[in-house]
Amino acid sequence: SDLSSVNDATAVLRHSYRFDALGAIGRLATAVLEENAALADAALAPDSDRRITTLRVDANAPLPVSELAGGFVPLLQALHAGAADADLLQMLDDYRVLTPLREGAHGVEGLNRAIDRELVNSGSLAPARGGIGVGRPVLVTRNDHALRVSNGDVGLVVAGADGTEEVLFPGADGTPRRIAPGRLPAFETDRKSTRLNSSHSS
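Since the model is a prediction, treat every value here as computed from it, not as a measurement. (Residues numbered from 1 in each chain as written. Predicted model: local features only at pLDDT ≥ 70, side-chain atom pairs only at ≥ 80, totals over all residues. Heavy atoms only, no water.)

Visitor: Looking at this model, I keep getting lost on the environment of Ala-126. Mind explaining?
Guide: As for its placement among the helices and strands, Ala-126 is situated in the loop between helix 7 (108–121) and strand 1 (137–140). For the pair Ala-126 and Arg-136, spaced ten residues apart in the sequence, the C-alpha separation amounts to 9.8 Å. Leave out the neighbours within four places in its chain, and Ala-126 touches Val-120 and Arg-136. (Helix = DSSP H or I, 4+ residues; strand = E, 2+ residues; numbered from the N terminus. Contact = heavy atoms within 4.5 Å.)

Visitor: Just checking my understanding: could you explain the side chain of Glu-188 for this structure?
Guide: Mapped onto the fold, Glu-188 is located in strand 5 (residues 187–188). Glu-188 sits in the buried class, given a relative accessible area of 17%. Polar side-chain contacts of Glu-188 include one of 2.9 Å to the side chain of Arg-102. (Buried < 20%, exposed > 50% of the residue type's maximum accessible area, 1.4 Å probe, protein only. Polar contact = N/O pair within 3.5 Å; in protein donor to acceptor, adjacent residues only side chain to side chain.)

Visitor: So what exactly am I meant to see when it comes to the pairing of strand 1 here?
Guide: The side chains of a regular strand alternate, residue by residue, between the two faces of the sheet. Judged by which residues are buried, strand 1 turns out to be one-sided: Val-138 and Val-140 face inward and are buried, whereas Pro-137 and Leu-139, on the alternate face, are not. Where strand 1 meets strand 2 (residues 154–159), three bridges bridge the pair, whose relative direction is antiparallel. By the bridge assignment for strand 2, Val-138 is matched with Gly-155. Where strand 1 and strand 5 come together, two bridges link them in antiparallel fashion. Counterpart to Val-140 in the pairing with strand 5 is Phe-187. (Pairing = 2+ DSSP bridges.)

All we've got here are geometric facts, nothing functional implied.
If you want it as structure tokens, here you go:
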């Protein structure tokens, strides 16, 4: 039947190459896939593997934006000091702000804008004037096998030798590599989504 043909073509991906399945992030991913709130809470427990800090915020309370933005300051300082690409990628990987929401002030979009604004206002990040803006992360949202980037890969915008923007990614062998933003497939930044060199949309 048609249904069995579809089932035969379905692949369930259970192994992650981005994080340890037994670590807090791996346990959280498993809990989400299993729709198990108790497991998710346990994975997010403070110091469960000393990599996650849980911050519960009342929907009507102001966001602790300064505290959230502060975790990015060491990376930006290292970037401006000329740190090696590998060190920058490690620092980028060491700090993430996660939220279960997509929209609104407490969602991905609102938090990204607020954190960016806080970092600019504090002088840690230069305002973005055209392009993406050096020091900002980029999230790839479409696979591109030729470029060896996949949906979910996170890169960091850096300045190339000629001052143009490049996005720094870890290579398959761990060697950092740089890709011009215009060559990337669909991606998201702190302010917008971009698809295949098309015009930006909010």
